[in-house]
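If you want the building blocks of each chain, they are given just below.
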Amino acid sequence: MAEQQSSSKGSALPGIIIGAILMFGGVYLDKVLHVAHEAGATPHAGEHTGQWTVAFLNKLDDMGLPINPGITLATIGVLLIVMPAVKYFYITPLKNAIDERNNNLESTFNEVETLRNEMTTMKSDYEKRIASTEAEAREKINAQIKEAQALRQSLMAEAAAKSDALVKQAQEEIASEKAKVLGELRNHVTELSLTAAEKVVGANMDTAANRKLIADFIADLEVKA
Amino acid sequence: MAGDRVAKRYAQAAFEAAKSANSVEIVGADLAGLQAALTGNGDLRSFLLSPNRGREEKIALFEKALGEKVTALSSNLVKLMLEKRREEELLTISDEFTTLRRADEGIVHITVSSAIELTDSEKKQIVEKVSAKLGRKSEAEFAVDPTLVGGVKVAYDNFVIDGSVKGSLKRLRESLRQDNLKQA
C-alpha cells in the first residue's frame, strides 16, 4: 500500500507542477484580461490577439456564457494540484478498502464454496456410509435369519433324533426290565420248587433210601471207572 | 504262609531222615499223634505255644509227656523245633509230612462225604473203586455231612464225584437257571 502511494506520488508530481503553472498562468491571464477589459486598451504583447480574445469573450458574455479563461485555467491547475491529494488521501484508501472488502468477500465466498463442497462430500460419504451400513445390516440380518433357520432345522432334527432315541431306549429298557423280571420270576419259581423238592426229598429220605443211593453211587462209580 | 514254608522244610527234612531209617510209617504216626494231642488238649497246646514259657521248660514237658511214646527221630525233631521257637509249626508238620509220604508212595488222598455213616463194606468198595479208577493207591478220609440229604460225594485232588441229593439238586438248579437265561 505504501509502495503504491509513493509510486502515485511520483506519477502525481508532473501533474502538480503543470497544475501550479496553470494556476499561476491562469491568475496572470485573468489579471491581464481583467486589466484589458477594464482599460479597453491593447496589451503590449500580442495586441491583435488580445483584442480578438476580449471581443470573443465579450461576445460569449453577451450570449449568456460568461467564461473567464484565466480563472478556468487556474481552476484546472488547482484541480490538477488537488487531484493527487484527493487520490492519495481518499480514492486510494477507498479503493484499497474496496479491494480488501472484495478480497474478504471473495475469500468468504471461496470458504463458503469450500465448506459447501466439503459438506457435499460429507453428505455423499454419509449417504454412501448409510447405504453401506444398511446393506451390511441387511446382509447380516439375512445371514442371521439363514443361520437361525439352519439352527432351527438342526435343533429340530436333533430333538427328533433324541426323541426317537429316547423312545427306542425306553422300549429297550421296558423290554429288558420285562425280560429281567420274567427271568427273576422264573428263577424265583425254580428256587421255590427246588427248595420244596429238597425238603420233600429230605423228609422222605430214610436210611433205606440212603443206602440205595449209596449203592447206586458205588455201582455208577464202577461204570465210570 | 511263611509258617507253611517253614513247616514244609521241617517236614521234608524229617521225611528224608525217616525214609533213610525205614521208619516213615512210625514217624508219620508219631506226628499224627502229636497233632492229635495238641488239637485235643487245650492246656498242652497253650503251654507249648505260650511265648512266656522257656524252651527248656517246654522240652522238659514234652519229654515227660510224650518223650517215651515216640521214636527218637520224632523226639529229636520236636525238640529241635522247640529249641528253634517253631512251636506253631508243630500243628501243621504232620499234614505236611503226610503229604510228602503220599507223594512219595504215589497215594491219592480222597475225602468221602455221606449223609449217613457208611458201613465198612461201603467204605472198602468206594476206596477200591476209586483206586481202580485212578490206578493208584488211595487213602480215604470219611465224613458225615447231613446237608447232603442223601448219597455220597467223593473229592480228590481237584476233582469231585458228586452222587449226593444236594449235588443233584444243585446241578438241576444250575440247569434251570441256564434255561431261564437262554429264554431271557
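Structure's up top.
Each chain carries its own residue numbering, running from 1 in the written order of its sequence. Ligands are numbered from 1 and chains lettered from A, in the order in which they are written. A pLDDT threshold of at least 70 governs which residues receive local features in this predicted model, and a stricter bar of 80 or more applies before side-chain atom pairs are shown or counted, although totals over entire chains, interfaces and linings include all residues. Remark: hydrogens and water are excluded; side-chain values derive from all non-hydrogen atoms of the structure.

As for its position among the elements, Ser114 of chain B is in strand 1 (residues 107-114). Contact between two residues is taken to exist if any of their heavy atoms lie within 4.5 Å; hydrogens are not considered. Every residue in contact with Ser114 of chain B, bar those within four places of it in the chain, is listed here: Ala143, Val144, Asp145, Leu148, Gly151 and Val152 of chain B. Numbered from the N terminus, helices here are DSSP runs of H or I no shorter than four residues, and strands are runs of E no shorter than two.

Residue and element names in this part refer to chain B. Only the stretch in contact is used when a helix axis is fitted, and all axes are lines through C-alpha atoms; the angle between N-to-C directions ranges over 0 to 180 degrees. Interaxial distance between helix 2 (residues 24-40) and helix 6 (residues 93-105) falls to 8 Å at its minimum, and their mutual angle equals 150 degrees. Compared by their axis directions, helix 2 and helix 6 come out roughly antiparallel. Pair helix 2 / helix 6 crosses with left-handed handedness. Between helix 2, through Val24, Glu25, Val27, Gly28, Leu31, Ala32 and Gln35, and helix 6, the contact on the second element is made entirely by Ile93, Ser94, Asp95, Phe97, Arg101 and Glu105. When its residues are assigned to classes, the contact of helix 2 with helix 6 shows 6 nonpolar, 3 polar and 4 charged. Comment on the angle field: the value is read as roughly parallel under 35 degrees, roughly antiparallel over 145, roughly perpendicular from 65 to 115, and oblique elsewhere. The sense of a crossing depends on the near helix, which, turned anticlockwise from the far helix by less than a right angle, makes the crossing left-handed and, turned clockwise, makes it right-handed. Any residue that is not Ala, Val, Leu, Ile, Met, Phe, Trp, Tyr, Cys, Pro, Asp, Glu, Lys or Arg is counted as polar, Gly included; the first ten are nonpolar and the last four charged.

Another point: the interface of chain A and chain B. How large an interface is tends to be reported as the accessible area lost when its parts come together. Taken together, the contact between chain A and chain B spans 24 residues of the former and 28 residues of the latter. Throughout, the accessible surface (probe 1.4 Å) given up by two parts as they are put together, summed over both, is called the buried area. Both faces combined, the contact of chain A with chain B buries some 2,300 Å², and carbon together with sulfur accounts for 67% of it. For chain A, the biggest contributors to the area lost against chain B are Leu194, Phe217 and Ile218 of chain A; these three give 25% of the whole. We count a salt bridge whenever a side-chain nitrogen from Lys or Arg sits within 4 Å of a carboxyl oxygen from Asp or Glu. Inspection of the region where chain A meets chain B yields 3 salt bridges. With a closest N to O distance of 3.1 Å, Arg173 of chain B and Glu191 of chain A form a salt bridge. Contributing elements (two or more residues each) for the side of chain A that touches chain B: helix 3 (69-204) and helix 4 (207-224) of chain A. Here the residues of the side of chain A that touches chain B are counted per class, giving 12 nonpolar, 6 polar and 6 charged.

Three- or four-residue spacings in an α-helix give side chains the same orientation, since the helix completes a turn every 3.6 residues. All names here are of chain B. Spanning 15 residues, helix 7 (residues 120-134) covers 21 Å between terminal C-alpha atoms, matching the ideal 21 Å at 1.5 Å per step. Relative accessibility under 20% of the residue-type maximum defines a buried residue, over 50% an exposed one, and the middle range a partly exposed one, all with a 1.4 Å probe and only protein chains included. Every buried residue belonging to helix 7 is among Glu122, Lys123, Ile126, Val127, Lys129, Val130 and Ser131, and all of these are buried. In the stretch just after helix 7, Gly135 is the one whose phi turns positive, near 75 degrees. The span one expects for a helix is its residue count, reduced by one, times 1.5 Å.

Bringing the pattern of salt bridges into the picture now. Scanning the model with the defined rule gives 16 salt bridges over all chains in all. As a salt-bridge pair, Glu113 of chain A and Arg116 of chain A come within 2.9 Å of each other at their nearest N and O atoms. Highlighted residues: Glu113 of chain A and Arg116 of chain A, both in helix 3, separated by 3 residues, approximately one helical turn. Residue Glu113 of chain A is classed as partly exposed on the basis of its relative accessible area, which comes to 35%. Here Glu57 of chain B makes a salt bridge to Arg53 of chain B, at a shortest N to O gap of 3.1 Å. Exposure remark for Arg53 of chain B: the relative accessible area of 36% places this residue in the partly exposed category.

Turning next to unusual backbone geometry. Residues and elements named next belong to chain B. Of note in this structure, Val149 is not a glycine but carries a positive phi near 70 degrees. Within the secondary structure, Val149 sits in the loop between strand 2 (137-144) and strand 3 (152-156). Accessibility expressed as a relative area gives 16% for Val149, which makes it buried. Phi at Asp157 takes a positive value of approximately 45 degrees, unusual for a residue other than glycine.

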